[in-house]
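Overview (structure and organization)
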Amino acid sequence: MKGTVLIVDDNEENLYMLRALLQGHGYHVEEARNGEEALAKARSSPPDLLITDILMPVMDGFTLCREWKKDEKLKSKPFIFYTATYTDPKDEEFALSLGAERFIVKPADPVDFMLSIEEVLKAAEAGRITPRELPPQDEACVLKRYNQRLIQKLEKKMLDLERESALRRKSEQRLAMLVDLFLRLSTDYRSNMAHIVRMGKRVLEVPMAVYLRRGDESTELITCGMEEGSRRREGVEGRFLERLMEEAEGSIVIEPLSGEPDAGDDLLVMGYGFDSLLGCPVRLGDTKIGFLAFLRPSTGLWSPEERDIAGMLARAMEIEEERLDHEERIKDFIDVASHEIRHPVTVIAGYAQTLREQWERLGDEERRQMLGYIQGGTERLEKLSQRLLDVSSIQRDVFRMSMETVELENVIRDWFELEVGGGLRERLRLKLVNDLGVGHLDPVRLGELLSILVDDAAKFSPPASPIEVEVERSGGRLDVAVKDRGHGVPSGMEGRIFEPFVQAEDALHHSSEGMGIGLYVASEIVRRHGGALWHEPREGGGSVFRFSIKV
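Below is a summary of the structure that appears in this document.

Criteria and cut-off values
Residues numbered from 1 in each chain as written. Predicted model: local features only at pLDDT ≥ 70, side-chain atom pairs only at ≥ 80, totals over all residues. Heavy atoms only, no water. Helix = DSSP H or I, 4+ residues; strand = E, 2+ residues; numbered from the N terminus. Buried < 20%, exposed > 50% of the residue type's maximum accessible area, 1.4 Å probe, protein only. Contact = heavy atoms within 4.5 Å. Axes fitted to C-alpha atoms, helices over the stretch in contact; angles between N-to-C directions. Left-handed = near helix turned anticlockwise from the far one by under 90°. Nonpolar A, V, L, I, M, F, W, Y, C, P; charged D, E, K, R; others polar. Polar contact = N/O pair within 3.5 Å; in protein donor to acceptor, adjacent residues only side chain to side chain. Core = buried A, V, L, I, M, F, W, Y, C linked by side-chain atoms within 4.5 Å. Phe/Tyr/Trp six-rings, centres within 6.5 Å; stacked < 30°, edge-to-face > 60°. Pairing = 2+ DSSP bridges.

Things to note about the overall build of the protein chain
When its secondary structure is counted, the protein chain shows 14 helices and 18 strands. Buried residues in the protein chain amount to 44% of all 551 residues. Long-range pairs, those at least 24 residues apart, make up 64% of the contacts in the protein chain between residues at least 6 apart in sequence.

Some remarks on the packing of helix α13 (residues 443–459) against helix α14 (residues 518–528)
Interaxial distance between α13 and α14 falls to 9 Å at its minimum, and their mutual angle equals 145°. The handedness of the crossing between α13 and α14 is left-handed. Residue-level inspection shows Arg445, Glu448, Leu449, Ile452, Leu453 and Asp456 of α13 in contact with α14, the latter providing Gly518, Leu519, Val521, Ala522, Ile525 and Val526. Along the lines of polarity and charge, the residues of the contact of α13 with α14 split into eight nonpolar, one polar and three charged.

A word on unusual backbone geometry
In the segment running from lysine 106 into proline 107, the intervening peptide bond is cis, with an omega of -15°. Relative to the helices and strands, proline 107 is located in the loop between β5 (102–105) and α5 (110–125). The amide bond that connects glutamate 255 to the next residue, proline 256, takes the cis arrangement and shows omega of -5°. Within the element layout of this structure, proline 256 appears in the loop between β9 (252–254) and α9 (267–270). Here the phi dihedral of valine 58 falls at roughly 70°; this positive angle occurs in a residue that is not glycine. Turning to its location among the elements, valine 58 is positioned in the loop between β3 (49–52) and α3 (61–70). Exposure remark for valine 58: the relative accessible area of 62% places this residue in the exposed category. One non-glycine residue, glutamate 205, lies in the positive phi region at around 55°.

Some words on the side chain of histidine 529
Residue placement: histidine 529 occurs in the loop between α14 and β17 (532–537). Within the local environment of histidine 529, its side chain forms a polar contact with the backbone oxygen of isoleucine 525, the two atoms lying 2.9 Å apart. Excluding its chain neighbours within four sequence positions, the residues that come into contact with histidine 529 are Met401, Met403, Leu441, Asp442, Arg445, Ile549 and Lys550.

Regarding the nonpolar core
Ranked by internal contacts, the top residues of the largest apolar core, which has 43 residues, are Leu428, Leu446, Leu478 and Phe547. Of all the elements in the fold, those that place two or more residues in this core are α11 (364–395), α12 (408–424), α13, β15 (467–474), β16 (477–483), α14 and β18 (543–550). With residues near it in sequence (within four places) discarded, leucine 428 still touches Trp415, Phe416, Glu419, Val420, Val454, Ile467 and Val469. Formed by 28 residues, the second largest nonpolar core is a distinct cluster that contains Leu181, Val282, Ala314 and Leu324.

Overview of the packing of aromatic side chains
Summed over all chains, the structure comprises eight aromatic pairs. Measuring from centroid to centroid gives 4.9 Å for phenylalanine 62 and phenylalanine 94, while their planes differ by 80°, and the two rings are edge-to-face. On the criterion of sequence distance, the pair formed by phenylalanine 62 in helix α3 and phenylalanine 94 in helix α4 (residues 89–97) is long-range, its members being 32 residues apart. When its relative accessible area of 1% is taken as the criterion, phenylalanine 62 is described as buried. Residue classification places phenylalanine 94 among the buried positions, given a relative accessible area of 1%.

Here's the deal with the pairing of β17
In the sheet, β17 pairs with β18 via six bridges, with the strands oriented antiparallel. Bridging from a neighbouring strand, leucine 533 pairs with phenylalanine 547 of β18. Taking the residues between adjacent antiparallel strands as the criterion, β17 and β18 are bridged by five residues, where glycine 540 takes a positive phi near 90°.

Thoughts on the sheet that holds strand β6 (residues 208–214)
Spatially, six strands are ordered β8-β7-β6-β11-β10-β9 in an open sheet, and the strand pairing comes out antiparallel. Every interior strand has two partners, whereas the edge strands, β8 (229–232) and β9, have only one. Put simply, the sheet's adjacent strands are angled 20° from each other on average, direction ignored. Examined bridge by bridge, β6 and strand β7 (residues 219–224) share six bridges and lie antiparallel to one another. Bridge pairing links arginine 213 to glutamate 220 in β7. Packed onto the sheet, helix α7 (residues 189–204) meets β6, β7 and β11 (287–296) and runs at close to 45° relative to β7. Together, β6, β7, β9, β10 (276–284) and β11 form the strand contacts of helix α8 (residues 239–247), whose direction differs from that of β11 by roughly 125°.

A word on the sheet that holds strand β1 (residues 4–8)
The strand order β2-β1-β3-β4-β5 describes an open sheet built from five strands, whose pairing is parallel. Where the open sheet ends on each side, the last strands, each with one partner, are β2 (28–32) and β5. On average, each strand axis in the sheet is tilted by 20° relative to the strand beside it, whichever way the strands run. Pairing analysis gives three bridges linking β3 to strand β4 (residues 79–83), with the strands arranged parallel. Residue leucine 50 lies in a different strand from β4, and its bridge partner there is phenylalanine 79. In this fold helix α2 (residues 35–44) packs onto β1, β2 and β3, with an angle of close to 135° to the strand it touches most, β2.

The following block contains the structure:
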């Protein structure tokens, strides 16, 4: 053991770190929480070295040093100050004038710190530490300087406390305003978005707040401050924000804005002399659809708390976007469902009425044809109702699977024969890449999954174009690809086509049958088989839907 070091600090974490460092270098360590406790321990058993903080209760480090250097048993023992609060050069000058051997500011580099310790101990062993006696006039001067340093430190502490108190009051006010914001949100989503922008301006105390959101056909600006209101973005106005929306992954600060190459052309950003921006992207699912921004004329003012608040407001905006999207999708679903149900009902009712009124006048072939139309309509209604029941079962988590061990090739070929018999004889192509063997899955759900993908391929492809289904066994998985030569999935919709009631076409221009629930059901069947379903654009035009499931 190299020697005994007495460490003095009222902070347990500081004591732990210092103890670990010294013990790691072979020293025996004693501890005290204030100067009075340290003096008592040292007078009982003098250490080889003392290391102390300055700002402590009961007796501070400066007083401890004065008492240490007046004690006959202790004054020749090295005394080191180690402080994070007294860091002014005048503090160091005063500390050394009291007789301390070193004045080290926290946090110190561990290597440099230990070198200082060893230098002081070597000097003590060599007898180079010679305590000096202070004459009475110097003692009075020391007390005066001590009082000055103490008063200045207390004044600084009071200012720091006042500043912390002011910041705490401001944080409490901001929290109260945010709570009020969330309590005042209504069922009117667009009104809520404007309210979030207005409240963000108030909470963050900025001259301008703006929300840019991507609509179906254009981008919309909701502003509060230098301009207020909601309108479509026109020209270059808001283009810089649109670029940030695409690039930002989280809360960002851009400053100075004058240094951004494309910010100067954006009248909304630079037209009022703003030079600092705090912003957050707003997402709908995995897609960025908006950007919430707060603007100031001066740089370097955004605090971590303000960045957190901006993120919170952006999340509130995401919730409103999700609610609005859900409502719009429900409306679209109602429109599409009405159209989908009305068509077969009209067919069934029309032909049923014709048969009832003109049965005697119709020939056998005409009757069979009309009955066929009625049967087709009922089958279409049955399929629609089954899809809706599937969606309901999924969302209530009662979607059932009946897993069994089967010959996979038999299941695939049985499904294929049914599809061919249903009207796809001239279009459907099946390719089994290798021996499929035996697998454990739900054969009925697998057929439903394949039918959904093939039906979609048929709906969105030219009438005579082929639909290819490739099936391959790969270890413990079954890999399937359904390929078509249709118009593909529109850009921006790739991540949403597997959501319920989402279609590539909008409800008002709906030209293909279906309610936007097939791929949702298909993705759930795949998920429950421990697999994945995804879309790829097909080279040369069209789509490829692939899935891989455990078997």
